[in-house]
Amino acid sequence: MTLPTTVLGTNGPTVGIQGLGCMGMSEFYGPTDTAEALATLDAALEAGVTLFDTADIYGSGHNEELIGPFVRANRDKVVLATKFAIERKAEDPTYRGVRNDPAYIRTAVDASLRRLGVDVIDLYYMHRRNPEVPLADSVGAMAELVAAGKVRHLGLSEVTGAELREAYAVHPIAAVQSEWSIFSRDVEHTAVPAAAELGVAFVPYSPLGRGFLTGSFAAAETLSADDYRRYHPQFSGANAAGNAALVEPIGKLAEARGVTAAQIALAWVQQRAEVHGLTVVPIPGTRKRSRLAENTAAATLRLSEEELAVLEPIAGQVTGNRYADMSFTSAGRE
Ligand SMILES: NC(=O)c1ccc[n+]([C@@H]2O[C@H](COP(=O)([O-])OP(=O)(O)OC[C@H]3O[C@@H](n4cnc5c(N)ncnc54)[C@H](OP(=O)(O)O)[C@@H]3O)[C@@H](O)[C@H]2O)c1
């Protein structure tokens, strides 16, 4: 079966209803296997996944370079999404600076195009918002990239509902990409309702709670030293055990249904979007063909009202923030 398709925002690109997050193929979630990662890209396209998600910071450019040949070989089928805004320092792995100024945006897009080896990016996101730069200036600079033919559609990540409305008044926005899962639902306060009202699609990132919802790890301390999930308060220290207990019902529902916990988590996001009346295209991240097959098989799975009722209270009981510094997130600015 190939995935059904949907449209990303008013006049946006048509994509398979589930995309693929490529981030882990370069960094953040432990060791990577390049051959298996590249085979996973091909398997995704074969399954009907067309939205491929990267960013300039993933592996500090490595991820764009990794997927570039695949994108070029399938240019007419792939909807390529990448992002700018986050600056890093090689000597401090936890440092994050946020650049939204027009001069930076103009430099960043050319660097991404060069690494990807393409002449146009289908969906270009502002990865994080720096409130010190007027949003109209940033989105104005992004709109100039559309006019110049370097970018086809615009997106924003981790914006509040008010920020989305302000940006949309400058130029149409095809998609908002923010964290949204059974476990992390703060976007439902303002960003999701604003997107629904404007006809902007939502691209939920970390729909599997970075793997935590699948039961693949229960505490950050068990992960490899370079695993970025060690910096996430929800997965570490005093929060880990209680939060791991909260996700146990997901595994139990999966067992009863003969599916996997990951599949329950992905079906939940698709169905939650129906409640809010907007299009979603979740982008679960995987480096493996076996998990790709498992995840795409969940795109059309339907949960019953009883199953949804079991999952409903989980997010409200989670302890710890989803980032150490919440000022970079929409919830931190609401
Ligand atoms: N805009 C933003 O700020 C932002 C932030 C984070 C992520 N993202 C994007 O969103 C994408 C997805 O988010 P994410 O990767 O953070 O989290 P995720 O999709 O919630 O989870 C990914 C983790 O789950 C594992 N996994 C995948 N499928 C699985 C399955 N069926 N069963 C068990 N484990 C499974 C993966 O490991 P394996 O690779 O071993 O399968 C990986 O460790 C990223 O790749 C990136 O493109 C964007």
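For the structure given in this document, a descriptive report is provided here. (Residues numbered from 1 in each chain as written. Predicted model: local features only at pLDDT ≥ 70, side-chain atom pairs only at ≥ 80, totals over all residues. Heavy atoms only, no water.)

Quick word on the nonpolar core
Quick reminder of the rule: As used in this record, nonpolar core signifies buried Ala, Val, Leu, Ile, Met, Phe, Trp, Tyr and Cys residues forming a set joined through side-chain atoms within 4.5 Å. Per-residue accessibility, obtained with a 1.4 Å probe over protein chains only, is compared with the maximum for each type, and a residue is labelled buried under 20%, exposed over 50%, and partly exposed between these values. Strands here mean DSSP runs of E at least two residues long; helices mean DSSP runs of H or I at least four residues long; both are numbered from the N terminus. The criterion used for residue contact is that any of the two residues' heavy atoms lie within 4.5 Å.
Formed by 86 residues in total, the largest nonpolar core has its most connected members in Leu-20, Phe-52, Phe-84, Leu-164, Phe-202, Ile-250 and Leu-311. With nine residues, the top contributor of residues to this core is helix α8 (residues 261-276). Not counting residues up to four positions away in its chain, the partners in contact with Phe-202 are Val-176, Ser-178, Trp-180, Val-187, Ala-191, Val-192, Ala-195, Leu-278, Thr-279, Val-280 and Val-281. Core analysis: the next-biggest nonpolar cluster, separate from the first, contains 16 residues, Leu-8, Val-15, Val-79 and Leu-123 among them.

Some details on the pattern of salt bridges
How we decide: Note on definitions: salt bridges are taken to be side-chain nitrogens of Lys or Arg within 4 Å of carboxyl oxygens of Asp or Glu.
Within this structure, the stated rule accounts for 22 salt bridges. Measuring nitrogen to oxygen at the nearest pair gives 2.5 Å for the salt bridge that ties Arg-152 to Asp-122. In this pair, Arg-152 is assigned in strand β9 (residues 151-157) and Asp-122 in strand β8 (residues 121-126), connecting sequence segments 30 residues apart. For Arg-152, a relative accessible area of 45% corresponds to the partly exposed category. Exposure remark for Asp-122: the relative accessible area of 6% places this residue in the buried category. Between Asp-227 and Arg-229 there is a salt bridge, with the nearest N and O atoms lying 2.7 Å from each other.

Regarding the pairing of strand β11 (residues 201-205)
Which entries qualify depends on this criterion: A strand pair is defined by DSSP finding two or more bridges across the two strands.
With five of its five residues buried, β11 lies for the most part within the structure. Burial along β11 is two-sided: Ala-201, Val-203 and Tyr-205 facing one way and Phe-202 and Pro-204 facing the other are all buried. In the sheet, strand β10 (residues 175-179) pairs with β11 via five bridges, with the strands oriented parallel. Opposite Glu-179, over in β11, you have Tyr-205 as the bridge partner.

Some details on the site of the ligand
Rule in force here: We call a residue near a given molecule or strand whenever any one of its heavy atoms falls within 4 Å of it. Whenever two N or O atoms come within 3.5 Å, that pair is a polar contact, provided that in protein one can donate a hydrogen and the other can accept it, and provided that, for residues adjacent in sequence, both atoms are side-chain atoms. Note on areas: Shrake-Rupley with a 1.4 Å probe; residue coverage comes only from the protein chains shown.
In the neighbourhood of the ligand, 31 residues make up the surrounding shell, with Tyr-29, Asp-53, Leu-208, Thr-286 and Lys-288 lying closest. The contact in question runs from a nitrogen atom of the ligand to an N or O atom on the side chain of Ser-157, over 3.0 Å. In the model, an oxygen atom of the ligand is placed 2.8 Å from a nitrogen or oxygen of the Ser-206 side chain. Surface burial for the ligand is 96%, taken as the share of its 900 Å² of free accessible area covered by protein chains. When residues of the shell around the ligand are assigned to their parent elements, the largest contribution, three residues, is made by helix α9 (residues 289-297).

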